[in-house]
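# Structure assessment
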Amino acid sequence: MKNLVIFFDSGDTIVDESTEVRDDRGIVVRAQLHDEGGALLRQLHEDGFTLALVADGEVESFKNIYEQHGLSDVFSARAISEALPDRKPAAVMFQTAMDQLHLTDADKKRVVMIGNNLIRDVVGANRFGITSILYDWSPRYDMNPKNHEETPDYTVHTRQELYALLQKLDKECTA
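Quick caveat, the model's predicted, so the values are computed rather than measured.

About the thresholds
Residues numbered from 1 in each chain as written. Predicted model: local features only at pLDDT ≥ 70, side-chain atom pairs only at ≥ 80, totals over all residues. Heavy atoms only, no water. Helix = DSSP H or I, 4+ residues; strand = E, 2+ residues; numbered from the N terminus. Buried < 20%, exposed > 50% of the residue type's maximum accessible area, 1.4 Å probe, protein only. Contact = heavy atoms within 4.5 Å. Lys, Arg positive; Asp, Glu negative; His and termini not counted. Charge placed at Lys NZ, Arg CZ, Asp CG, Glu CD. Pairing = 2+ DSSP bridges. Right-handed = clockwise from strand over helix to strand, strands pointing away. Core = buried A, V, L, I, M, F, W, Y, C linked by side-chain atoms within 4.5 Å.

Another aspect to go through is the overall build of the protein. Counting its secondary structure elements, the protein contains five helices and eight strands. Overall, the protein shows an N-to-C arrangement of helices and strands of β-β-β-α-β-α-β-α-β-α-β-β-α. Of all 175 residues assigned to the protein, the portion counted as buried reaches 51%. Long-range pairs, those at least 24 residues apart, make up 63% of the contacts in the protein between residues at least 6 apart in sequence. Side chains of the protein carry 19 positive and 30 negative charges; the gap between the two charge centres is 2 Å.

So, in structure tokens, the structure goes:
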């Protein structure tokens, strides 16, 4: 079992939003994953990392996408905005995942948030007091921080960079 706990955003972090197919209610019925995102999630899960989905959107959309790719079992917690009173960067998103995993404030030093959005993911993680990792691959978002709060602790551009960073961070919090 690994010590590092990993919170993941979904859209344009794991899922390529440009491939989403929605039904007449706006629910995503299927989508493709970015940069072998499924292989990354499966590998991290098999390595013994605790994974949580911390994402804005509809519960049914995420259920459809992760079932489509055989990944329903990789997340030990899910904090999805539709089921909560707010969206990222609100603390309730991160606190819900912490609560579901039975983590306390003392555990924050071993929790990371991986996302592609400076305002939602990075600002949210930084305000909440957990490590922020910007997964900078999508051309749909501005990846240039405008202030200290938008500055991520780490920035990665590929799945391989992300995997290596997570291994390194796990070793640091184990030492």
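There is more to say, and it comes next.
Next up on the list: the pairing of strand β1 (residues 5-8). The alternating pattern of β1 places V5 and F7 and I6 and F8 on opposite faces, both of which are buried. The sheet contact formed by β1 and strand β4 (residues 50-55) spans four bridges and is parallel. By the bridge assignment for β4, F7 is matched with A52.

Among the five residues that make up strand β6 (residues 111-115), five are buried, leaving the element largely enclosed by the rest of the structure. Across four bridges, the pairing between β1 and β6 is parallel. Looking at the pairing, F7 lines up with M113 of β6. One crossover worth recording links β6 to the parallel strand β7 (residues 131-135) by way of helix α4 (residues 118-128), and it is right-handed.

Let us look at the nonpolar core. Across soluble globular proteins, nonpolar side chains have a tendency to be buried as a group. The biggest cluster of nonpolar side chains holds 31 residues, and the ones touching the most others in it are I6, F8 and Y66. Of all the secondary structure elements, the ones that give two or more residues to this core are β1, α1 (37-47), β4, α2 (59-68), β6, β7 and α5 (159-174). Every residue in contact with I6, bar those within four places of it in the chain, is listed here: L44, F49, T50, L51, A52, V112, I114 and L166. V5, V54, M98 and I130 belong to the second-largest nonpolar core, a separate cluster that totals 18 residues.

Attention shifts here to the side chain of R159. Relative to the helices and strands, R159 resides in helix α5. With a relative accessible area of 17%, R159 lands in the buried category. Those residues in contact with R159 that lie beyond four places of it in its chain are D35, E36, L40 and Y135.

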